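Letter by letter, the chains look like this.
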Amino acid sequence: MDLKPGDVVILKSGGHPMTVAEVHDDAVACLWMGGEGDLFRETLPLAALELAEIEDSDDEEDEEDQDDDEEEDDEDEDHDEDEKASRKKRKAA
């Protein structure tokens, strides 16, 4: 596995995602934030690490949901306006 500084890794046994700070022959210096916001740095054996799978953030999904909601609202408003226009025509006739 070829790692470079900036890659995100995780222990094969699980745990916090860690950022690669330095890569040596068979060891990797990693940084991560603890639960209390403390910064940790540890050099770990390469054999104990694997690349972490990066998931899309919830913020991006929320933005997409908002866009969908806005489109639905626009469609509802268009439909309401059409109904109002139809009622006015019926009253006039």
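Structural notes, computed from the coordinates. Keep in mind it's a predicted model, so treat the numbers as computed, not measured.

Cut-off values and rules
- Residues numbered from 1 in each chain as written.
- Predicted model: local features only at pLDDT ≥ 70, side-chain atom pairs only at ≥ 80, totals over all residues.
- Heavy atoms only, no water.
- Pairing = 2+ DSSP bridges.
- Helix = DSSP H or I, 4+ residues; strand = E, 2+ residues; numbered from the N terminus.
- Buried < 20%, exposed > 50% of the residue type's maximum accessible area, 1.4 Å probe, protein only.
- Contact = heavy atoms within 4.5 Å.

Examining the pairing of strand β2 (residues 18-23)
- One ladder, built from two bridges, connects strand β1 (residues 8-11) with β2; its direction is antiparallel. By the bridge assignment, V8 is partnered in β2 with T19.
- Turn length for the β1-β2 hairpin, with the two strands adjacent in sequence and antiparallel, is six residues, and the turn residue G14 shows positive phi of about 110 degrees.
- Pairing between β2 and strand β3 (residues 27-33): four bridges, direction antiparallel. Among the inter-strand pairings, V23 is bridged to a residue of β3, identified as V28.
- Hairpin connection of β2 to β3: three residues between the antiparallel strands.

Here's the deal with the environment of A48
- Considering the arrangement of structural elements, one finds A48 in the loop between β4 (39-45) and β5 (49-51).
- Under the relative-accessibility criterion, A48 is labelled partly exposed at 25%.
- Separated by 21 residues in sequence, A48 and A27 place their C-alpha atoms 9.4 Å apart.
- Apart from residues no more than four positions distant in its own chain, A48 is found in contact with I10, L11 and K12.

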